[in-house]
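# Structural characterization, general
Listed below, chain by chain, are the residues.
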Amino acid sequence: MEGTESNGGTASSVVADWSLVFWTLCAVILPVLITLWCSFQRSRRQVLIRDIFRKSKHDWHYTDLFGQPSYCCVCAQHILQGAFCNCCGLRVSEGCLKKADQLFLCKEIMMRSNGGAHSSMPHHWIRGNVPLCSCCMICKQQCGTQPKLCDYRCVWCQYTVHDECMMDCLKTEECTFGEFRDLIIPPYYLSTINQMRKDKRTNYEKVVPYCRKHWMPVIILANTRSGNNMGETLLGEFKILLNPVQVFDLSKIAPAKALQLCTLLPCNAVRVLVCGGDGTVGWVLDAIDEMKIKGQERYIPQVAILPLGTGNDLSNTLGWGAGYAGEVPVEQILRNVMEADGIKLDRWKVQVTNKGYYNLRKPKVFTMNNYFSIGPDALMALNFHAHREKTPSLFSSRIINKAVYFFYGTKDCLVQECKDLNKKVELELDGERIELPNLEGIIVLNIGYWGGGCRLWEGMGDEPYPLARHDDGLLEVVGVHGSFHCAQIQVKLANPVRLGQAHTVRLILKSSKMPMQVDGEPWAQGPCTVTITHKTHALMLYHSGEQTDDDASSMSEQDQVREQTDEDV
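Everything in this summary refers to the structure shown in the same document. (Residues numbered from 1 in each chain as written. Predicted model: local features only at pLDDT ≥ 70, side-chain atom pairs only at ≥ 80, totals over all residues. Heavy atoms only, no water.)

## As for the sheet that holds strand E4 (residues 82-85)
Here we have 3 strands laid out as an open sheet, ordered E1-E4-E5, and antiparallel in their pairing. Unpaired on one side and paired on the other, strand E1 (60-63) and strand E5 (91-92) mark the two borders of the sheet. Bridge analysis of E4 against E5 gives 2 bridges, and the strand direction is antiparallel. Among the inter-strand pairings, Ala-83 is bridged to a residue of E5, identified as Val-92. (Pairing = 2+ DSSP bridges. Helix = DSSP H or I, 4+ residues; strand = E, 2+ residues; numbered from the N terminus.)

## Some points on the pattern of salt bridges
Scanning all chains against the criterion turns up 13 salt bridges. The partner of Asp-163 in a salt bridge is Arg-127, with the nearest N and O atoms 3.0 Å apart. Here the residue Asp-163 occupies a position in the loop between strand E8 (160-161) and helix H3 (168-172), and Arg-127 occupies one in strand E6 (residues 125-127), the gap between them amounting to 36 residues. On the accessibility criterion, Arg-127 (32% relative accessible area) is partly exposed. Arg-347 is the partner of Asp-286 in a salt bridge, and the nearest nitrogen-oxygen pair spans 2.8 Å. One end of the pair, Asp-286, is in helix H7 (residues 278-293); the other, Arg-347, is in strand E13 (residues 341-354), with 61 residues separating them in the sequence. (Salt bridge = Lys/Arg side-chain N within 4 Å of Asp/Glu carboxyl O. Buried < 20%, exposed > 50% of the residue type's maximum accessible area, 1.4 Å probe, protein only.)

## Thoughts on a nonpolar patch on the surface
Residues Val-14, Trp-18, Val-21, Leu-25, Val-28, Ile-29, Val-32, Leu-33 and Leu-36 make up a contiguous nonpolar surface patch of about 850 Å² in total accessible area. Counting through the fold element by element, Val-14 comes out in helix H1 (residues 2-55). Look at Val-14 and you get partly exposed, because its relative accessible area is 38%. (Patch = residues over 30% accessible without salt bridge, like charges linked within 9 Å, V, L, I, M, F, W, Y side chains within 5 Å. Areas by Shrake-Rupley, 256 points an atom, 1.4 Å probe, with all protein chains shown as cover.)

## Quick look at the nonpolar core
Trp-60, Leu-221, Phe-238, Leu-242, Leu-259, Leu-273 and Met-540 are the most contacted members of the largest nonpolar core, which has 100 residues in total. In terms of residues, this core owes the most to one element, H7, which gives 6 residues. Once residues within four sequence positions are removed from consideration, Phe-238 is found in contact with Ile-220, Val-247, Leu-273, Cys-275, Val-330, Ile-333 and Leu-334. Grouped together as the second largest cluster of nonpolar side chains are 32 residues, Met-368, Ile-374, Leu-475 and Val-518 included. (Core = buried A, V, L, I, M, F, W, Y, C linked by side-chain atoms within 4.5 Å. Contact = heavy atoms within 4.5 Å.)

## Here's the deal with the environment of Cys-175
Residue placement: Cys-175 occurs in the loop between H3 and helix H4 (187-198). With 51 residues separating them along the chain, Cys-175 and His-124 place their C-alpha atoms 8.2 Å apart. With near-sequence residues (within four places) excluded, Cys-175 lies in contact with Met-121, Pro-122, His-123, Cys-154, Trp-156 and Cys-157.

## Here's the deal with the packing of aromatic side chains
As enumerated under the stated definition, the model contains 5 aromatic pairs in all. Pairing Tyr-189 with Trp-215 gives two aromatic rings, centres 5.0 Å apart and planes at 65°, and the pair type is edge-to-face. Within this pair, whereas Tyr-189 is found in helix H4, its partner Trp-215 is found in the loop between H4 and strand E9 (218-222), the two being separated by 26 residues in sequence. Of the residues examined, Tyr-189 reaches a relative accessible area of 1% and is grouped as buried. An aromatic cluster of at least three residues, connected via ring pairs, comprises Trp-156, Phe-177 and Tyr-188. Here the guanidinium or amino end of Arg-455 rests over the ring plane of Tyr-449, the centre of that ring lying 4.8 Å away. Geometry around Trp-457 places Arg-498 over its ring, the cationic atom sitting 5.9 Å from the centre. (Phe/Tyr/Trp six-rings, centres within 6.5 Å; stacked < 30°, edge-to-face > 60°. Lys NZ or Arg CZ within 6 Å of the ring centre and 35° of its normal.)

## A look at the pairing of strand E18 (residues 441-445)
The buried fraction of E18 is high, at 5 of 5 residues. Every second residue of E18 is oriented toward a common face, with Gly-441, Ile-443 and Leu-445 on one face and Ile-442 and Val-444 on the other, all of them buried. By the bridge criterion, 5 bridges tie E18 to strand E19 (residues 475-480) in an arrangement that is antiparallel. The residue bridging Leu-445 from the neighbouring strand is Glu-476, located in E19.

## Quick notes on the packing of helix H5 (residues 231-241) against helix H9 (residues 330-339)
The contact between H5 and H9 brings their axes to 10 Å, and the two run at 70°. Accordingly, the angle class assigned to the pair H5 and H9 is roughly perpendicular. For H5 against H9, the interelement crossing comes out right-handed. Residues Leu-234, Glu-237, Phe-238 and Leu-241 of H5 form the contact with H9, whose participating residues are Val-330, Glu-331, Ile-333 and Leu-334. Along the lines of polarity and charge, the residues of the contact of H5 with H9 split into 6 nonpolar, no polar and 2 charged. (Axes fitted to C-alpha atoms, helices over the stretch in contact; angles between N-to-C directions. Parallel < 35°, antiparallel > 145°, perpendicular 65-115°, else oblique. Left-handed = near helix turned anticlockwise from the far one by under 90°. Nonpolar A, V, L, I, M, F, W, Y, C, P; charged D, E, K, R; others polar.)

## Examining unusual backbone geometry
The phi dihedral of Ala-76 is positive, around 65°, even though this residue is not glycine. Among the structural elements, Ala-76 can be located in the loop between strand E2 (70-71) and strand E3 (78-79). Classification of Ala-76 as partly exposed rests on a relative accessible area of 36%.

Right, here's the structure in full:
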């Protein structure tokens, strides 16, 4: 009996152990299986959505959370997540995507030809999800106030109408293209141009829409990889307000190709808004220079800037601000582009010729818009770029970028890698040798701002100095004693060593390797001769609304010089 009981106790304990093992495995494996199944369903759903997006005529983008109360344009249900069209503004739930493609047309880039020329087009109404604080064009009362899919918006003129105010005549009424009609390229204009090209006619100036004299179509060139990564959002907002054919993503198409749109538009009328940093602006200006080489000078556009980069010194000089973070509505940006004044910007050729008796390599040639430097600030830029190439994902914020610059500047204050520069280089201004004091860096300036917002040539402003301009064919040359001296100048606690102004700058690096940079593009350079000469002018747009006190005083001085020059003439 005792043996039987012991065997029964052993069996029951074995069963209990296996039961524990089984439920433990279930507790571990079941969540894993559920997770794998959910991830499989999610990836399958994403493949299906991407397939719909690829085949659709809408510019769909998926979001996990809409930024404002939204309703599906198909089923009229309230939705928190779903797809929205970057061109026409449609918002739909995931399950209604296919039906939305069948029911709703997107913005037409070019009108369909039906055998005749067009000079107007009707409104294109979309129901629901009207902008907040929009007013009805009929009764002037606020639209979109009801918690449901209600009211209409025209995707071209952006006018809104209440459901009860919508009349049959409005559905066929001619669209005026609203506030930004002077900037929009109408679909019927492109249809007419396309027909003229087929007929081998090129007198596009006669095809001016709206019978307006002040039509100034704008082309948007956005770099989605610049600075704070706002380019993607801006692309969508500009496509809503303009014709999508006017908006280009520079990560997908080169500026030279995008600017060929200028050749289909009236001469000397186009304005280009570059959304990016100073490097992106230089890229676009190089593409415009290529247009001059091709004999397309009469189609050269004027360039405005929306600063998305880290330094943005050129943008700051031209009155567009030191950086954009979404604080100004896109509508106001377009108004600023319309109101901006045209000015010229000097562009310079920087030729770097390596030393050596047997040097057979061609000289390196750069185009300079902002500044050239040798010394501590070039070293900071070189270290920053080396760090960014190793871990590019860390450099997606303007604040982080400036913090890294600060770190390398502090490091150079202690190490002083560029000391005794005056013993290593010779400087000539317009052929005249300049005796250099004890320096660590030399900076050649074309514009007023340097180093992310510092007016380097002016310094503290307590000493008389020659007036500096970006369109006078003169360069300003200054010296700095080190990184700490640069920091003092930036907070207006010190003045730079002003070495002079010149039309031609020649710098000879006699020995050792030194860091150099042109417009933020750094490299390490051995013994060489650097020659900077005037190359050409760029047509830019100046916005006077972003002036600081320093800008105002500088501009007043420039105005005085202009008046004096006019009197002399």
